[in-house]
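# What the coordinates show
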Amino acid sequence: MYRIVEGTNRERYTMLIPAMLDAHFPLLKYAFYSPDYCPVILENEEGIGDIGLKYVNNDMCYPAILNIGQMIAALQSGAYDLSQTVLLMPQAGDACRGSNYTGKLRQAVERAGFFTPVLSLNVKGLEKEQQVRLHPYMVWRAFVAVMYGDLIMILRNQIQPYEMQPGTTKKKVQYWFDRLSEDLCKGRRLDSFSMQRRFREIAEDFARIPRTHKPCKKVGLVGELYTKYCHLGNWNLLEYLAEQECECYVNGLSWYVLYYIDTHMEKEGCLMKQAYRMGFRFILRIQRSMIAAIRQQGLYVMDDFCSFKEHARGYVPFECCIGDGWLMGAEIVGHALGGYSRVIAAQPFGCMPNHVCGRGLYPSLARKLNNITITSVDYDSSGSPLNVKNRIQMALDFKMTV
């Protein structure tokens, strides 16, 4: 396994990656290290929407505008040696505009006057000549980072609203990010048995944080990946909900990984299909261990993917699998069963998978599920933050009936 030594610049190229996953990228960045690449998760935020609109048509979905704007701004900053810099853009690889991000990024880079290579990250074999070569140790580090990211995100979101001493949970999150980052760098304690022990250790540590019993409104968040997991895409939604004394549950990324394998990998050839099925079963087993560790501390987490999918049967059509597809509707069912009666659906304006597979189901789900309200919120470069907050506030002020 490639041994990571941060700050030494041993790698040949600096790889710039747009911010996408707030709770996962502090660990997931270590998956991109190799003898060729030193990853940098971009943190520049000021004016990236305006820069993106300068080089991308405003009909392109909002995440693309922000991602491309953030990377162009980084190239313009002068902070990187452009002769030794590459850009990385992940792709879902299905019938979503997200599969066109790399092409749009290349056009934007050229229009901005740069010649920086653009690499693609996907598992569908798109743009093979520009695709990042994934080594087994990179895939394993990514898997470990996703599972730990899920665990810490779920624990933080449930404990932080009730902490007696403000800032305690934030310090705990950073403490574990530091320890897990060291393990990922050194390639130690990354086997499945060590992970399961860590799950219990981390859950027990978070559960020891002193908490009050003040009443908080329970809010579930669903939607497109970027607007669900990135504060840039949802305009600091979690921070706003915290100010309104809400407990917000965001389901983990591992559910999306299993959903993607379940819906997108069935079209692969026989040998690849068998490999993906083995991977699915392994990830599911580790996910169940993570869930058990959380529940042992009396905290809430959605059921493992297979049970989660079964609970959604009859509520959502499983044929809807473009983009986030039926996963959004299934998560709403999960929120309803878990007592999160207010659900915010965050989506980029004009995102067809969200509007068809997501918003198209909301009225039906609201009728079938008892005592739940679903509020759809669109995020767009031309949108108004005030209007978004007003819609969210209406959902929070809605009087729930028993």
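Above this text is the structure in question.
Residues numbered from 1 in each chain as written. Predicted model: local features only at pLDDT ≥ 70, side-chain atom pairs only at ≥ 80, totals over all residues. Heavy atoms only, no water.

### A few points about the packing of aromatic side chains
Note the threshold: In summary, the pairing rule links any two rings of Phe, Tyr or Trp, Trp by its six-membered ring, whose centres are within 6.5 Å, and it sorts them by plane angle into stacked for under 30 degrees, edge-to-face for over 60 and tilted for everything else. What counts as a helix is a DSSP run of H or I of at least four residues, what counts as a strand is a run of E of at least two, and both are numbered from the N terminus. Accessible area is worked out with a 1.4 Å probe on protein chains only. A residue is then buried under 20% of its type maximum, exposed over 50%, and partly exposed in between. Whether a charge sits over a ring comes down to the Lys NZ or Arg CZ being within 6 Å of the ring centre and within 35 degrees of the ring normal.
Under the defined criterion, the tally for this structure stands at 20 aromatic pairs. Between Trp-235 and Tyr-379, the ring centres sit 5.1 Å apart and the planes meet at 90°, which makes this aromatic pair edge-to-face. Of this pair, Trp-235 sits in the loop between helix 8 (225–229) and helix 9 (237–243) while Tyr-379 sits in strand 8 (residues 373–379), and the two are 144 residues apart along the sequence. Exposure remark for Trp-235: the relative accessible area of 22% places this residue in the partly exposed category. Here the aromatic rings of Tyr-249 and Tyr-340 are separated by 5.7 Å at their centres, their planes lie at 45°, and the arrangement is tilted. Of the two residues, Tyr-249 is situated in strand 6 (residues 246–250) and Tyr-340 in the loop between helix 13 (325–337) and strand 7 (342–348); the sequence distance between them amounts to 91 residues. In this structure Tyr-249 comes out as buried when scored by relative accessible area, which is 2%. An aromatic cluster of three or more residues is present, and its members are Tyr-256, Tyr-259, Tyr-260, Phe-280, Phe-305, Phe-308, Phe-318 and Trp-326. It is Lys-172 that lies over the ring of Tyr-175; its NZ or CZ is 5.9 Å from the centre. Above the ring of Tyr-340, the side-chain terminus of Lys-218 is found at 5.3 Å from the ring centroid.

### What to know about the packing of helix 5 (residues 136–159) against helix 7 (residues 192–207)
Rules: Fitted lines through C-alpha atoms serve as axes, helices being fitted only where they are in contact, and the angles separating the N-to-C directions of these axes extend from 0 to 180 degrees. Reported orientations rely on four angle classes, namely roughly parallel under 35 degrees, roughly antiparallel over 145, roughly perpendicular from 65 to 115, and oblique for the rest. Crossings are assigned a handedness: left-handed for a near helix turned anticlockwise from the far helix by less than a right angle, right-handed for a clockwise turn. Whether two residues touch is decided by their heavy atoms; if any such pair falls within 4.5 Å, the residues are in contact. Nonpolar residues are Ala, Val, Leu, Ile, Met, Phe, Trp, Tyr, Cys and Pro. Charged residues are Asp, Glu, Lys and Arg, and all others, Gly as well, are polar.
The interhelical angle for the contact between helix 5 and helix 7, taken along N-to-C directions, is 15°, at an axis separation of 10 Å. Here helix 5 lies roughly parallel to helix 7, going by the angle between them. Seen along the crossing, helix 5 lies across helix 7 with a hand that is right-handed. Contact residues: Trp-140, Phe-143, Val-144, Met-147, Tyr-148, Leu-151, Ile-152, Leu-155, Arg-156 and Ile-159 in helix 5; Ser-192, Ser-194, Met-195, Arg-198, Phe-199, Ile-202, Ala-203, Phe-206 and Ala-207 in helix 7. Residue composition of the contact of helix 5 with helix 7, grouped by class: 15 nonpolar, 2 polar and 2 charged.

### Concerning the sheet that holds strand 7
The following threshold applies: Two strands qualify as a pair provided that DSSP identifies no fewer than 2 bridges between them.
Within the open sheet, the 4 strands sit side by side as 6-5-7-8. Their pairing is parallel. Each of the sheet's edge strands pairs with one partner strand only, and the pair in question is strand 6 and strand 8. Ignoring strand direction, the axes of neighbouring strands in this sheet form an average angle of 25°. In this structure, strand 5 (residues 217–223) lies alongside strand 6, joined through 5 bridges in parallel fashion. Residue pairing in the sheet places Lys-217 in a bridge with Cys-246 of strand 6.

### Observations concerning helix 5
For clarity, the threshold we go by: Helix span, as expected, comes to 1.5 Å for every residue beyond the first.
An ideal rise of 1.5 Å per residue puts 34 Å on 24 residues; helix 5 measures up with 35 Å between its terminal C-alpha atoms. Burial analysis of helix 5 places 19 of its 24 residues in the buried class, the great majority of the element.

### Considerations on the environment of His-213
Tracing the chain through its elements places His-213 in the loop between helix 7 and strand 5. Remark: the alpha-carbon pair of His-213 and Pro-63, spanning 150 residues in sequence, is separated by 37 Å.

### Quick word on the environment of Ile-154
Position of Ile-154 relative to the elements: it lies in helix 5. As for Ile-154 and Ile-294, which are separated by 140 residues in sequence, their C-alpha atoms are 8.7 Å apart. Setting aside residues up to four positions removed in sequence, Ile-154 forms contacts with Tyr-249, Val-250, Gly-252, Trp-255, Ile-294, Tyr-300 and Val-301.

### Focus: the packing of helix 2 (residues 48–55) against helix 3 (residues 62–76)
In contact at an axis separation of 7 Å, helix 2 and helix 3 are set at 100° when each is read in the N-to-C sense. When the axes of helix 2 and helix 3 are compared, the pair comes out roughly perpendicular. Contacts between helix 2 and helix 3 involve Ile-48, Gly-49, Ile-51, Gly-52, Leu-53 and Tyr-55 from the first element and Ile-65, Leu-66, Gly-69, Gln-70, Ile-72, Ala-73 and Gln-76 from the second. A class-by-class count of the residues in the contact of helix 2 with helix 3 yields 8 nonpolar, 5 polar and no charged.

### Let's talk about the environment of Arg-97
Mapping Arg-97 onto the fold places it in the loop between strand 3 (85–90) and helix 4 (101–111). Between the C-alpha atom of Arg-97 and that of Leu-386, which follows or precedes it by 289 residues, the distance is 27 Å. In this structure Arg-97 touches Asp-59, Met-60, Cys-61, Phe-349, Gly-350 and Cys-351, once residues within four positions along its chain are discounted.

### Let's talk about unusual backbone geometry
Of note, Asn-236 is a non-glycine position whose phi angle comes to about 55°, a positive value. With respect to the helices and strands, Asn-236 occurs in the loop between helix 8 and helix 9. The class for Asn-236 is partly exposed, based on a relative accessible area of 34%. Of note, the phi angle at Asn-371 is positive, near 55°, even though the residue is not glycine. As for its placement among the helices and strands, Asn-371 is situated in the loop between helix 15 (362–368) and strand 8.

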